[in-house]
Amino acid sequence: MDVPRTRQRSVEVPESSPPAKVTALPEGPLRTERLLLRPWREQDIPGIYRICQDPDIQRWTTVPSPYLLSDAEWFVREFTPKGFASGDTATFGVFVQETGQIAGAVGLGGITTFVVGRGVRTAEIGYWANPETRGRGYITEAVREVVRWGFEDLRLGRVTWQAFDGNKASQRVIEKLGFTIVGLQRGCNELHGERLDMWLGDILPGELR
């Protein structure tokens, strides 16, 4: 379950076209029946640091390994606010409403700038789950809300998902929500120095379950 860690390029526009205006993303908060989703804050840093020691998060996502306190500080202080401000990445902490416990993270990365006649506005969904709250459906609930928000508020025309081959937990989440598995991308990415295959899926407006 992988929250995109680095920014991706927007759709390229020919030099003859005027530059696209940068629009900051709305920061929520978003709410579901059980969850609160909001941008990460300073007080969340110790929790993120502790959760990202989880072997499965380090195995299946692009978080640094070993994961240092400075990585959590960068994630909260730089990556999250810059992503919202630049309009290309929206990263939400997922919190259980009743307890305030961190349930995970969900983000839309690589949000392309919409230009009339220049393709469909897209983004990639990514996520990781707190091992202490797995198995309760929190991440599925959170991903559903973020995808809904992307379609309705950001006017996305397509949301994609990628996961390293073998990450069955991530695949179960998106299959519940109506994503289509497009296919296996062979040797398309590297993780911890190893070249790996990745599954690709996507969902269009009207398909979310």
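Right, let's walk through the structure included here.

Quick notes on the rules
Residues numbered from 1 in each chain as written. Predicted model: local features only at pLDDT ≥ 70, side-chain atom pairs only at ≥ 80, totals over all residues. Heavy atoms only, no water. Pairing = 2+ DSSP bridges. Helix = DSSP H or I, 4+ residues; strand = E, 2+ residues; numbered from the N terminus. Contact = heavy atoms within 4.5 Å. Axes fitted to C-alpha atoms, helices over the stretch in contact; angles between N-to-C directions. Buried < 20%, exposed > 50% of the residue type's maximum accessible area, 1.4 Å probe, protein only. Arc of directions from axis to C-beta. Polar contact = N/O pair within 3.5 Å; in protein donor to acceptor, adjacent residues only side chain to side chain. Lys, Arg positive; Asp, Glu negative; His and termini not counted. Salt bridge = Lys/Arg side-chain N within 4 Å of Asp/Glu carboxyl O. Expected span 1.5 Å × (residues − 1). Bend = angle between axes of the 7 residues up to and from the residue. Phe/Tyr/Trp six-rings, centres within 6.5 Å; stacked < 30°, edge-to-face > 60°.

One open sheet holds the 8 strands; their spatial order is β1-β2-β3-β4-β5-β6-β8-β7, and the pairing between them is mixed. Both edges of this open sheet fall to β1 (30–31) and β7 (180–191), since each of them pairs with a single strand only. Sitting on the sheet, helix α5 (residues 168–176) touches β5 (122–129), β6 (158–164), β7 and β8 (194–203), and the angle it makes with β6 is about 155°.

Burial analysis of strand β3 (residues 90–96) places 7 of its 7 residues in the buried class, which makes it a mostly covered element. Judged by which residues are buried, β3 turns out to be covered on both faces: A90, F92, V94 and V96 on one side and T91, G93 and F95 on the other are all buried. Here strand β2 (residues 35–38) pairs with β3 via 4 bridges, running antiparallel. Looking across to β3, one finds that R38 is bridged to G93. The pairing of β3 with strand β4 (residues 102–109) spans 6 bridges and is antiparallel. The partner of A90 across the bridge, within β4, is L108.

When we look at burial in α5, the residues that qualify are S170, Q171, V173 and I174. End-on, the buried residues of α5 take up no more than an arc of 155°, which puts them together on one face. At its buried positions, α5 is contacted by β5, α4 (138–152), β6, β7 and β8. A positive backbone phi angle near 100° is found at G178, which sits one or two residues after α5.

With respect to the helices, strands and loops of the structure, D202 is situated in strand β8. Since its relative accessible area comes to 14%, D202 is described here as buried. Within polar-contact distance, the side chain of D202 engages the side chain of R158 at 2.9 Å. In contact with D202, other than residues within four places in its own chain, are R158, V159, T160, F179, T180 and V182.

When you line up the elements, E124 lands in strand β5. No salt bridge is formed by the buried E124; its nearest oppositely charged neighbour, R158, is found at 9.3 Å. Engagement of the side chain of E124 in a polar contact is seen with the side chain of Q162, the distance being 3.4 Å.

Turning to the pairing of β4, a few remarks are in order. Within β4, 8 of the 8 residues are buried, leaving the element largely enclosed by the surrounding structure. Pairing of β4 with β5 involves 6 bridges; the strand directions are antiparallel. Its bridge partner lying in β5, G109 is registered against E124.

Each α-helix winds once per 3.6 residues, and so residues spaced three or four apart point in a common direction. With 18 residues, helix α3 (residues 69–86) extends 25 Å from end C-alpha to end C-alpha; this agrees with the ideal 26 Å at 1.5 Å per step. At F75, α3 is deflected by roughly 35°, the largest bend along its length. Taken together, the buried positions of α3 are occupied by D71, A72, F75, V76, F79, T80, G83 and F84. The secondary structure elements touched by the buried residues of α3 are α1 (45–51) and β3. Immediately downstream of α3, the backbone of G87 shows phi near 85°, a positive value.

On to the packing of aromatic side chains. Counted by the stated rule, this structure contains 7 aromatic pairs. Residues W74 and F79 carry aromatic rings whose centres are separated by 5.4 Å and whose planes lie at 35° to one another, so their mutual orientation is tilted. A relative accessible area of 27% places W74 in the partly exposed class. An aromatic cluster is built from W40, W74, F75, F79, F95 and W128, whose rings are joined through pairwise contacts.

This part takes up the pattern of salt bridges. Here the structure, examined in full by the defined rule, presents 10 salt bridges. Salt-bridge contacts for R34 lead to E141; the nearest nitrogen and oxygen are separated by 2.8 Å. Separated by 107 residues along the polypeptide, R34 in the loop between β1 and β2 and E141 in helix α4 bring together distant segments of the chain. Between R148 and E145 there is a salt bridge, and its shortest N-O distance comes to 2.7 Å. Of this pair, R148 and E145 are both found in helix α4, 3 residues apart, which corresponds to roughly one turn of the helix.

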